Amino acid sequence: QGAIRFEDVHFSYDPARPILKGISFEVPAGRTVAIVGPSGAGKSTISRLLYRFYDIKSGAVTIDGQDVRDVTQKSLRAAIGMVPQDTVLFNDTIAYNVRYGRIDATDQEVDKAADLAQIGEFIRALPEGFDSMVGERGLKLSGGEKQRVAIARTILKAPPILILDEATSALDTATEQEIQAALDFVSKGRTTLVIAHRLSTVVSADEIIVLKDGVIAERGRHAELLAQN
Ligand code: ADP
Ligand code: ADP
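Every value quoted in this text rests on a predicted model; they were computed, and no experiment measured them.

Analysis parameters
Residues numbered from 1 in each chain as written. Chains lettered and ligands numbered in written order. Predicted model: local features only at pLDDT ≥ 70, side-chain atom pairs only at ≥ 80, totals over all residues. Heavy atoms only, no water. Near = heavy atom within 4 Å. Polar contact = N/O pair within 3.5 Å; in protein donor to acceptor, adjacent residues only side chain to side chain. Areas by Shrake-Rupley, 256 points an atom, 1.4 Å probe, with all protein chains shown as cover. Nonpolar A, V, L, I, M, F, W, Y, C, P; charged D, E, K, R; others polar. Buried < 20%, exposed > 50% of the residue type's maximum accessible area, 1.4 Å probe, protein only. Helix = DSSP H or I, 4+ residues; strand = E, 2+ residues; numbered from the N terminus. Arc of directions from axis to C-beta. Contact = heavy atoms within 4.5 Å. Patch = residues over 30% accessible without salt bridge, like charges linked within 9 Å, V, L, I, M, F, W, Y side chains within 5 Å. Salt bridge = Lys/Arg side-chain N within 4 Å of Asp/Glu carboxyl O. Phe/Tyr/Trp six-rings, centres within 6.5 Å; stacked < 30°, edge-to-face > 60°.

Participant: Can you help me understand the site of ligand 1 in this one?
Facilitator: In the region of ligand 1, 13 residues are neighbours, and Arg17, Gly40, Lys43, Ser44 and Thr45 sit closest. At 2.8 Å, a backbone N or O of serine 44 approaches an oxygen atom of ligand 1. In isolation ligand 1 exposes 560 Å². Once the protein is present, 67% of that is buried. Tallied by class, residues from the shell around ligand 1 come to 5 nonpolar, 5 polar and 3 charged.

So this is what it looks like as structure tokens:
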């Protein structure tokens, strides 16, 4: 469930400057495909098109054969879990932020997801800036900690499709390895689109797509791409 297909997708934010110039790829249900390439290549744009933040100019984007334009925003959001580069937290406790997307979750489930993402120790705290109204000191979270909140939220939501957009980029090396283990756990059996700068971070992907100047420059498994370069 959750097979993704991009078929000859063209897209530009500004008509004078094409960003994607005919992109075709598939992520079979339950598989992991990584998109790598330099900054500005259009990697995040691909994830935004899947989420339908923007509409494509031509081609097709489908999930399980259904055009994303025919899927309601509500079901798209239910089907896709995104761990973005920059996580923006809501005006409430970290626990609430983790629960967002699965408000029916029990405290135990929230705590388990928080432990896997290693935010257990500050799960009851309020993020900084959102605390003045309750007269309690807020917690200043680093970029990596906010990312771990997004990861915990995704672990709890357990959607059929995952988008990991540079999901470990704000973490230090030691934390990155542990969080990567949590991400591997949550992506097991789910259709996963990983966006990354470096080939070395996506060794286990079923397919790696190298995006350059809006086209697919190379594709294959990690070992195949290494052999070619
Ligand atoms: P990547 O994820 O590979 O770094 P992006 O998909 O974020 O690249 O961006 C591709 C190009 O599109 C970049 O040149 C970026 O500046 C431009 N871009 C991204 N978002 C917008 C936007 N909302 N409006 C205009 N240009 C954008
Ligand atoms: P992300 O958080 O995935 O990086 P953003 O939308 O914040 O996505 O921006 C991605 C890239 O696109 C950044 O380099 C940003 O500067 C650029 N960008 C975003 N919005 C615009 C815009 N309206 N016009 C030009 N470039 C943009």
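From this point, things continue past the structure.
Participant: Help me understand helix 4 (residues 107-116), please; the structure alone is not making it clear to me.
Facilitator: Each full turn of the α-helix corresponds to 3.6 residues, which orients residues three or four apart in the same direction. Buried within helix 4 we find Val110, Ala113 and Ala114. The buried residues of helix 4 occupy one face: seen down the axis, they fall within an arc of 100 degrees. Of the residues in helix 4, the exposed ones pointing more than 90 degrees away from the buried face are Gln108, Lys112 and Asp115. Packing partners of the buried residues in helix 4 comprise helix 3 (94-99) and helix 5 (143-157).

Participant: What is the right way to read a nonpolar patch on the surface from this model?
Facilitator: A cluster of nonpolar side chains, contributed by Tyr13, Phe53 and Tyr54, occupies part of the molecular surface with about 300 Å² of accessible area. By the secondary structure assignment, tyrosine 54 is in the loop between helix 1 (43-50) and strand 4 (58-63). The exposure class of tyrosine 54 is partly exposed, given its relative accessible area of 37%.

Participant: Would you explain the packing of aromatic side chains in this entry?
Facilitator: The description of two aromatic rings rests on the distance between their centres and on the angle between their planes. This structure, assessed with the given rule, holds 6 aromatic pairs. Geometrically, the ring pair formed by phenylalanine 11 and tyrosine 13 is edge-to-face, given 4.8 Å between the ring centres and 90 degrees between the ring planes. The class of phenylalanine 11 is buried, set by a relative accessible area of 3%. What makes tyrosine 13 partly exposed here is its relative accessible area of 38%. Ring geometry for tyrosine 51 versus phenylalanine 53: centroids 5.1 Å apart, planes at 10 degrees, classification stacked. Residue classification places tyrosine 51 among the buried residues on the basis of a relative accessible area of 9%. Joined through ring pairs, the aromatic side chains of Phe11, Tyr13 and Tyr54 make up one cluster.

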